[in-house]
Amino acid sequence: MDLRNISEVVAALRQRLEPVERSELLINVLEGQPLNARNAAVLLPLFEYEGETALAFIRRSETLRSHSGQIAFAGGGSESIDSSLVETALREAQEEIGLEPGRAEILGLLPPMFTAVSNYVITPVVAFLPQGLGSLQLQVSEVTELIIARLQGLAAPAIFHTEEWTRGGASHTVYFYDYGSYRIWGATAYMLNMLLSLLERS
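Residues numbered from 1 in each chain as written. Predicted model: local features only at pLDDT ≥ 70, side-chain atom pairs only at ≥ 80, totals over all residues. Heavy atoms only, no water.

Draft legend 1. Spotlight on the side chain of threonine 53. With respect to the element layout, threonine 53 can be found in strand β2 (residues 52-60). Threonine 53 sits in the buried class, given a relative accessible area of 0%. A distance of 2.9 Å separates a polar atom in the side chain of threonine 53 from the backbone oxygen of leucine 3. A polar side-chain atom of threonine 53 sits 3.1 Å from the main-chain amide nitrogen of isoleucine 6. Apart from residues lying up to four places away in sequence, threonine 53 is in contact with Leu3, Arg4, Asn5, Ile6, Val9, Leu46, Phe47, Ala149, Arg150 and Leu151. (Helix = DSSP H or I, 4+ residues; strand = E, 2+ residues; numbered from the N terminus. Buried < 20%, exposed > 50% of the residue type's maximum accessible area, 1.4 Å probe, protein only. Polar contact = N/O pair within 3.5 Å; in protein donor to acceptor, adjacent residues only side chain to side chain. Contact = heavy atoms within 4.5 Å.)

This is the structure we're talking about:
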């Protein structure tokens, strides 16, 4: 597959992502999550940028108490006003970077993951932005930078590696992508890896 071709990427994801209707089931069958874990969702927005498929990340503010300065996808915890996790992802993206929900065409979901550090079960929501990002307004208290990354560049084997870390006596694999001067790691890198693996599947 040509990852630079947005039409090919979107067509493949429509077939391979989980449908949004399965969000609760996917969470219920997720292993290793405690009973008090909170639900959260992040938005993985794909769009065409300078003739290639691109993905948008944010750099979190250095003043935040958790994950300060890290590169992430826009998103956050589910609120009572959200009718679904898709709505959570869209609301948070609007609050954090000013992305208008109407610009996003939801393609589907990646499998949820549990993060012990923040006690969240995070559902990655993948969207296509046919008209691009539009006019954005970053929430400066939470976001210091919007990062546009070419999907083809993110898939380069040379920028990816894993490490084995031990936490609470248990070993787990941590993912890393060194994209230019940016280091994408942890939960965000894991979600990126799931997306790329899905696209690389023949």
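From this point, things continue past the structure.
Draft legend 2. Here's a closer look at empty space enclosed by the protein. If you walk through the whole model with that rule in mind, you get 1 cavity of 30 Å³ or more. Of the voids in this model, the largest cavity is the one considered here, and its volume is about 40 Å³. Around the largest cavity, the lining residues are Leu43, Pro45, Ala56, Phe57, Ile58, Phe73, Ala74, Ala93, Ile97 and Leu146. When residues of the lining of the largest cavity are traced back to their parent elements, those giving at least two are β1 (38-49), β2 and α3 (85-97). With 3 residues, the single largest contributor to the lining of the largest cavity is β2. Of the residues in the lining of the largest cavity, the class split is 10 nonpolar, no polar and no charged. (1 Å grid on protein atoms, 1.4 Å probe; cavity = no way out; pocket = protein on both sides within 12 Å on 5 of 7 lines; lining within 4 Å. Points joined across faces, edges and corners; volume = space filled by probe spheres on them. Nonpolar A, V, L, I, M, F, W, Y, C, P; charged D, E, K, R; others polar.)

Draft legend 3. Molecular detail of the packing of aromatic side chains. Scanning all chains against the criterion turns up 7 aromatic pairs. Between tyrosine 175 and tyrosine 190 the ring centres are 5.4 Å apart and the planes differ by 65 degrees, which places this aromatic pair in the edge-to-face class. Linking tyrosine 175 in strand β10 (residues 170-179) with tyrosine 190 in helix α5 (residues 186-200), this pair joins segments that are 15 residues apart in sequence. Three or more aromatic residues joined by ring pairs make a cluster, and in this case those are Phe160, Tyr175, Tyr177 and Tyr190. (Phe/Tyr/Trp six-rings, centres within 6.5 Å; stacked < 30°, edge-to-face > 60°.)

Draft legend 4. Region of the structure containing the sheet that holds strand β11 (residues 182-185). One open sheet accounts for 3 strands, arranged β9-β10-β11; its pairing is antiparallel. The open sheet has two edge strands, β9 (160-167) and β11, and neither has a second partner. Neighbour-to-neighbour, the strand axes of the sheet open up by a mean angle of 30 degrees, direction not taken into account. Sheet analysis places β10 next to β11, joined by 4 bridges and oriented antiparallel. Residue aspartate 178 lies in a different strand from β11, and its bridge partner there is arginine 183. Contacting β9, β10 and β11, α5 runs over the sheet at an angle of about 75 degrees to β10. (Pairing = 2+ DSSP bridges. Axes fitted to C-alpha atoms, helices over the stretch in contact; angles between N-to-C directions.)

Draft legend 5. Broad picture of the pattern of salt bridges. Enumeration according to the criterion identifies 10 salt bridges in this entry. Notably, a salt bridge pairs arginine 150 with glutamate 50, separated by 2.5 Å at the nearest N-O pair. Placement of the pair is arginine 150 in strand β8 (residues 143-150) and glutamate 50 in the loop between β1 and β2, with a sequence separation of 100 residues. With a relative accessible area of 58%, glutamate 50 lands in the exposed category. What makes arginine 150 partly exposed here is its relative accessible area of 26%. Three or more residues are tied together by salt bridges with common partners; here these are Asp82, Arg91, Glu92 and Glu95. (Salt bridge = Lys/Arg side-chain N within 4 Å of Asp/Glu carboxyl O.)

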